[in-house]
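# Chain and residue survey
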Amino acid sequence: MRKSILRKMSSMMLGLVVAGTGGYALAQEVPGNNCIGLDQNELWQVTFSEFSEEYSLGRYENAEVKVRQLLDICSSSPLVNYSAGMTYMALKQTEKAKKAYLDAIKNTQYFT
């Protein structure tokens, strides 16, 4: 179930990040981030699965904790910034959501 949630969340980002590949990868090094090799980072995968579960169950405060942990790993990830935006919207924190959505769009240049 966790993998299906992760795939669903990833596919939601498909149009924002990269059309046609079903995922994304770091295209160039992002200054000040540790985003290379996320697909092989076990902490990243586990934390994203936990975030997805919390969000899908409507536990948005818990989801916010997890999304912050993901941002600590890679703050330029469009997927995580989009997920943060969704979480902040659910928590009615519209200014934070707007910033997260804008960060997701801005950082797509670093991912393919």
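Our structure is the block above this text.
### Re the overall build of the protein chain
Scanning the protein chain from N- to C-terminus turns up six helices and zero strands. Traced from its N-terminal end to its C-terminal end, the protein chain shows the element sequence α-α-α-α-α-α. Looking at the protein chain as a whole, 38% of its 112 residues qualify as buried. Accessible area for the protein chain stands at about 6,500 Å²; split by element, carbon and sulfur atoms hold 53% of it.

### So, the nonpolar core
Taken as a class, soluble globular proteins show a tendency for nonpolar side chains to be buried jointly. Counting 20 residues, the largest nonpolar core has Leu-38, Trp-44, Phe-51, Leu-70 and Cys-74 as its most contacted members. Contributions of two or more residues to this core are made by helix H3 (42-56), helix H4 (60-73), helix H5 (78-90) and helix H6 (94-106). With five residues, the top contributor of residues to this core is H5.

### With respect to the layout of surface pockets
What the second largest pocket holds in volume is close to 160 Å³. Secondary structure elements with two or more residues in the lining of the second largest pocket: H5 and H6. For the lining of the second largest pocket, the leading source of residues is H6, giving five residues. Looking at side-chain class alone, the lining of the second largest pocket contains four nonpolar, three polar and four charged residues.

### Structural notes on the side chain of Lys-66
The residue Lys-66 is located in helix H4 in this model. With relative accessibility at 19%, the residue Lys-66 sits in the buried group. Within the structure, the side chain of Lys-66 is placed 2.8 Å from the side chain of Glu-50, a separation counted as a polar contact. Sequence-distant contacts of Lys-66, that is, excluding residues within four places in its chain, are made with Thr-47, Glu-50 and Phe-51.

### As for the packing of aromatic side chains
Counted according to the given criterion, the structure contains five aromatic pairs. The interplanar angle of 25° and the centroid separation of 6.3 Å between the aromatic rings of Trp-44 and Phe-48 together place this pair among those described as stacked. Of this pair, Trp-44 and Phe-48 both sit in helix H3, separated by four residues, roughly a single helical turn. Across the pair, Phe-48 and Trp-44 agree in class, each one buried.

Criteria and cut-off values
Residues numbered from 1 in each chain as written. Predicted model: local features only at pLDDT ≥ 70, side-chain atom pairs only at ≥ 80, totals over all residues. Heavy atoms only, no water. Helix = DSSP H or I, 4+ residues; strand = E, 2+ residues; numbered from the N terminus. Buried < 20%, exposed > 50% of the residue type's maximum accessible area, 1.4 Å probe, protein only. Areas by Shrake-Rupley, 256 points an atom, 1.4 Å probe, with all protein chains shown as cover. Core = buried A, V, L, I, M, F, W, Y, C linked by side-chain atoms within 4.5 Å. 1 Å grid on protein atoms, 1.4 Å probe; cavity = no way out; pocket = protein on both sides within 12 Å on 5 of 7 lines; lining within 4 Å. Points joined across faces, edges and corners; volume = space filled by probe spheres on them. Nonpolar A, V, L, I, M, F, W, Y, C, P; charged D, E, K, R; others polar. Polar contact = N/O pair within 3.5 Å; in protein donor to acceptor, adjacent residues only side chain to side chain. Contact = heavy atoms within 4.5 Å. Phe/Tyr/Trp six-rings, centres within 6.5 Å; stacked < 30°, edge-to-face > 60°.

Any link to function would need more than the numbers given here.
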